[in-house]
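Survey of secondary and tertiary structure
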Amino acid sequence: MTTTTSPQGRSELLRPDRSPVRVLVVDDEAPLAELLSMALRYEGWEVRSAGDGAGAVRTARDFRPDAVVLDVMLPDMDGLAVLGRLRRELSDVPVLFLTARDSVEDRIAGLTAGGDDYVTKPFSLEEVVARLRGLIRRSGTAAVRSESTLVVGDLTLNEDSHEVSRGGGNIHLTATEFELLRFLMRNPRRVLSKAQILDRVWNYDFGGQANVVELYISYLRKKIDAGRTPMIHTRRGAGYLIKPGE
């Protein structure tokens, strides 16, 4: 299998049918589950989540994920029990355990039960993504994307060449504008808050300077939407989204 590397040094993964990799996130802490889901969607993956074991099994049956992020401590059943039920539905799906317990016995129990890897809370999102990428690639369920192109309506963004065009016309973006547009296009029709955009595009909180997001959104609009049907929209009090022009 050959590897194509994106500008961030990250190879892109796809399912054999060229659709996005699917990941199921199972955690009863809703903010954490949402944070993980956002990080995985930024990879271009399709993500669903569940807050308990029963929901995880139901979702896995319908979603058929390529990997599962599974919290050991769930409100209705132990994560090891959930794993057993998942394995009956999807015998080969890679499972990454999340746990607040870091003893050798807990690690052995999780791996012996059929888990493929183990991350202890608190963890970095980058570590979880890296572990998942390794599990998915080793499982052979995903191929490497030969060209990383995002498409929303008549707008295209090539992650390898950094070329952007709309309706066939090329658009020049600065590095920051490109990263902001990429984040929006990796989450089409999804409202992204200023905090989420600051965290992903600028990598840290600007504190009282959240208006930097408004500023760069205005820059993008002048280049993407000028003289065309608008694609970048504001949801007052919630954030911003991109969707095909109507």
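Structure: see above.
This text gives an overview of the structure that appears in the document. (Residues numbered from 1 in each chain as written. Predicted model: local features only at pLDDT ≥ 70, side-chain atom pairs only at ≥ 80, totals over all residues. Heavy atoms only, no water.)

1. Structural notes on the overall build of the protein chain
- A tally of helices and strands in the protein chain yields eight helices and 13 strands.
- Residues classed as buried in the protein chain amount to 48% of the 246 residues present.
- Look at the contacts in the protein chain between residues 6 or more apart in sequence, and 60% of them connect residues 24 or more apart.
- Of the roughly 11,600 Å² of accessible surface on the protein chain, 49% is carried by carbon and sulfur atoms. (Helix = DSSP H or I, 4+ residues; strand = E, 2+ residues; numbered from the N terminus. Buried < 20%, exposed > 50% of the residue type's maximum accessible area, 1.4 Å probe, protein only. Contact = heavy atoms within 4.5 Å. Areas by Shrake-Rupley, 256 points an atom, 1.4 Å probe, with all protein chains shown as cover.)

2. Quick notes on the sheet that holds strand β10 (residues 164–166)
- Strand order in this open sheet of four strands is β8-β9-β10-β11, and the pairing throughout is antiparallel. Edge strands, defined here as strands with exactly one partner in the open sheet, are β8 (149–152) and β11 (169–171). Between one strand and the next, the sheet's axes are offset by a mean angle of 25°, whatever the strand orientation.
- Bridge count between β8 and strand β9 (residues 155–158): four bridges; the pairing is antiparallel. Paired with L150 across the strands is L157, a residue of β9.
- Helix-sheet contacts for helix α6 (residues 175–185) involve β8, β9 and β10, and the interaxial angle to β9 is about 115°. (Pairing = 2+ DSSP bridges. Axes fitted to C-alpha atoms, helices over the stretch in contact; angles between N-to-C directions.)

3. Describing the packing of aromatic side chains
- The final tally for this structure, using the stated rule, is two aromatic pairs.
- For the ring pair Y216 and Y219, a centre distance of 5.1 Å and an interplane angle of 75° mean the geometry is edge-to-face. Of the two residues, Y216 and Y219 both sit in helix α8 (residues 211–224), three residues apart, roughly one turn of that helix.
- Sitting above the plane of the Y42 ring, R186 keeps its charged end 5.1 Å from the centroid.
- Across from the ring centre of Y42, 4.4 Å away, lies the NZ or CZ of R200, which sits over that ring. (Phe/Tyr/Trp six-rings, centres within 6.5 Å; stacked < 30°, edge-to-face > 60°. Lys NZ or Arg CZ within 6 Å of the ring centre and 35° of its normal.)

4. Comments concerning the sheet that holds strand β3 (residues 46–50)
- The strand order β3-β2-β4-β5-β6 describes an open sheet built from five strands, whose pairing is parallel. Each edge of the sheet is formed by a strand with only one pairing partner; in this case those strands are β3 and β6 (117–120). Averaged over all pairs of adjacent strands, the angle between strand axes in this sheet comes to 20°, irrespective of strand direction.
- Taken together, the four bridges between strand β5 (residues 95–99) and β6 define a ladder with parallel strand orientation. Of the residues in β6, the one forming a bridge with F97 is Y118.
- Contacting β2 (22–26), β3, β4 (67–71) and β5, helix α1 (residues 30–42) crosses the sheet at an angle of about 165° to β2.
- Against the sheet, helix α2 (residues 53–63) engages β2 and β3, with an angle of about 155° to β3.

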